[in-house]
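# Residue-level structure breakdown
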Amino acid sequence: MVLKVFFPSCCSSAESGILIGRWISEQNSAVILAVVHFPFIPVQVKHYLREVQQVTKVSVSVLGSWNNSKQEKEESLSEFLEDLGTIFSHEPWIQISKEGDSKFWNCSTLQKQSDNHREEEIILVYYDQRKVMLSHLHPTLDTADHRAEDASKLSAIFNTVADSKVLFMTDRYDDGPIKMTHWQSDGVEASIIVELMKQASVPACMLLTFLLSLVSGVCNSRVLKFWPLSFLWSKLSTCEQLGHRLQHLQVISSSKKAQNQTQLMRKANVFVSLLIDVALGILLMSWLYRKNQIGHLADTLIPVADHVAEELQDLLQWLMGAPAGLKMNRALDQVLGRFFLYHIHLWISYIHLMSPFIEMILWYVGLSACLGLTVALCILSDIIALLTFHIYCFYVYGARLYCLKIYGLSSLWRLFRGKKWNVLRQRVDSCSYDLDQLFIGTLLFTILLFLLPTTALYYLVFTLLRLLVVIVQGLIHLLVDLINSVPLYSIILRFCRSYRLAAGVKFRVLEQQDGKPLRLLMQINPLSYGNVVQTYRLPTYSCYPKDSWTSLCKKLFLGELIYPWKHKGEKQE
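Residues numbered from 1 in each chain as written. Predicted model: local features only at pLDDT ≥ 70, side-chain atom pairs only at ≥ 80, totals over all residues. Heavy atoms only, no water.

## Examining the overall build of the chain
The helix and strand tally for the chain stands at 16 helices and 14 strands. Buried positions account for 42% of the 573 residues belonging to the chain. In the chain, of all internal contacts separated by at least 6 residues, the share reaching a separation of at least 24 is 71%. Total accessible area on the chain stands at roughly 32800 Å², and carbon and sulfur atoms take up 63% of it. (Helix = DSSP H or I, 4+ residues; strand = E, 2+ residues; numbered from the N terminus. Buried < 20%, exposed > 50% of the residue type's maximum accessible area, 1.4 Å probe, protein only. Contact = heavy atoms within 4.5 Å. Areas by Shrake-Rupley, 256 points an atom, 1.4 Å probe, with all protein chains shown as cover.)

## A few points about the pairing of strand E4 (residues 60–67)
By the criterion of burial, E4 is predominantly enclosed, with seven of the eight residues buried. Where strand E2 (residues 17–24) and E4 come together, six bridges link them in antiparallel fashion. Paired with Ile-20 across the strands is Val-62, a residue of E4. Relative to strand E5 (residues 93–98), E4 runs parallel, the two sharing four bridges. Residue pairing in the sheet places Asn-67 in a bridge with Ser-97 of E5. (Pairing = 2+ DSSP bridges.)

## Focus on the UniProt feature "transmembrane region" (unreviewed entry) in the chain
As recorded in UniProt, the feature "transmembrane region" (unreviewed entry) lies at residues 200–219, 270–289, 335–354, 361–388, 394–416, 437–461 and 467–492. Helix makes up 100% of residues 394–416 and strand 0%, with an end-to-end C-alpha separation of 33 Å. Along residues 437–461, the helical share is 100% and the strand share 0%, with 35 Å between the first and last C-alpha atoms. (UniProt positions renumbered as here; feature names shortened; annotations may be inferred.)

## Details of the pairing of strand E3 (residues 29–37)
With nine of nine residues buried, E3 lies mostly within the body of the structure. Two elements, E2 and E3, share eight bridges in a ladder whose sense is antiparallel. Paired with Arg-22 across the strands is Val-31, a residue of E3. Here E2 folds back onto E3, and the loop between the two strands holds four residues, one of which, Asn-28, carries a positive phi near 50°. The pairing of E3 with strand E10 (residues 180–181) spans two bridges and is classified as antiparallel. From the neighbouring strand, Val-35 faces E10, where its bridge partner is Thr-181.

## Focus: the nonpolar core
One finds Val-45 and Leu-167 to be the most contacted residues of the largest nonpolar core, which totals 41 residues. With five residues, helix H4 (residues 145–163) is the largest single contributor of residues to this core. Leaving out residues up to four positions away in the same chain, Leu-167 has contacts with Ile-20, Leu-33, Ala-34, Tyr-48, Val-52, Met-180 and His-182. Counting residues in each nonpolar core, the second largest holds 26 residues, with Leu-373, Ile-384, Leu-451 and Ile-476 among its members. (Core = buried A, V, L, I, M, F, W, Y, C linked by side-chain atoms within 4.5 Å.)

## Brief notes about the packing of helix H8 (residues 261–288) against helix H14 (residues 488–496)
As a packed pair, H8 and H14 sit with axes 7 Å apart at the nearest point and diverge in direction by 100°. Considering the angle they form, H8 stands roughly perpendicular to H14. Mapping the contact onto sequence places Met-265, Ala-268, Asn-269, Val-272, Ser-273 and Ile-276 in H8 and Leu-488, Tyr-489, Ser-490 and Leu-493 in H14. (Axes fitted to C-alpha atoms, helices over the stretch in contact; angles between N-to-C directions. Parallel < 35°, antiparallel > 145°, perpendicular 65-115°, else oblique.)

## Considerations on a nonpolar patch on the surface
Together, Tyr-289, Phe-357, Met-360, Ile-361, Trp-363, Tyr-364 and Leu-367 make up a nonpolar patch on the protein surface, roughly 680 Å² of accessible area in all. Turning to its location among the elements, Tyr-364 is positioned in helix H10 (residues 330–367). Judged by relative accessible area, which is 51%, Tyr-364 ranks as exposed. (Patch = residues over 30% accessible without salt bridge, like charges linked within 9 Å, V, L, I, M, F, W, Y side chains within 5 Å. Salt bridge = Lys/Arg side-chain N within 4 Å of Asp/Glu carboxyl O.)

Written out as structure tokens, the structure reads:
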């Protein structure tokens, strides 16, 4: 069986001593974690390793010896290193020594029962201990069974290094009796700013948790569950976004420690997403309140609303004539046209009545940008919905009238064929009609059929206008969902420190000679950007129905209403 020895590249310049690590018998592998320098007392080394085992739950032991002497002949040192195998009982005893002026090392094993070197094929694998320590193995989502087994073998190597964190907390400046070389032997990596932030985060999280509990109590009160507050809460996208951000704040301020790397990455992604959202909102707010931009927007809003109303009036005047040369029903055409023109007149009066207060409303709406860019975008979507409410009313009127005629024609068509719809069994059954029923049905079918083109034209025009508004709101909510769901922290981490998101490893051959161990370099293979987004994508909500194109076309043909809002309780994970 092939013996695999994982040796940290940071120990290549360490002084001679003994190798400390973990022996994985299932894989016939040895993971070297550190090198203990001379001089040392074996009893103290054994006591120190027992303490490390109790803390880390990793079976750390002395695996062999390390000889970094540059002289080719050091018989006394070599004999002394071999004699250490009798003190530290481990089999096989691994011996790694420098090969003269070569940049590589020789690796051999010693069978202590026969005091001879075991003739066994050895693979010496060099790895970057810092990257393996800070990385976490994240297998891709489309991993097959055999690749999952390879990932489990690699995870044993990663977990061994990661669980031995206590072993790496000592450096050469410590006054302890044992001196070691590892990736932090020159100094433990730490940041004063990070430590201060950790200390300050505890009372900040407690205060934030208390405030969020009060807000959650107000939101869950019975007052908000009564109509019309419950209706507004479920229909306004601003309320949905505030509730979504409230859940994010509860995740961040939670005092419960993350159980695994996935929960930790989710907290980090939520925090970075919230931070960038608020930063973009503050930039938007600073732009709005600079050089009286809100006043310019208020002065522009009224003329734009008047221009849209005038265009709708021209469109209705065109429909009341002979649009595109079509022969319309004159009476129905005039009734529908005047009905919609009266609604436009009411809408213009409402806009001009609200014109003195629009600048003040926009001024207070601009302050909401400090809650985040997504909140400002949701408010913009709700403002568009309110400003185009007359278009929505036109669409509802046209859709209801068109739907009534379509279902009336389908019912009367079944009457001609001697059929009827069985409501109890939800199917079409045969039925016999008398002469009066057939006569009345023929008259109603003829009337509805000749009135259908006029109704269908109005329905088509207002449906296109409604779809235009829905597309604009959809683009806004697409940007909101993008900010809410994209794992920005994971993407930044993948770009700056790709080894933190390891999908696996790749091995590069350093040297391969007959009679010598095969020397490999283990390099971390990071997750692709697509897998990063797919793995750590944050849950969000969808404000639009997830219908297929076929279902959408069927609804448009039958005149069913297309609601731009999601149903209450429906979440997109």
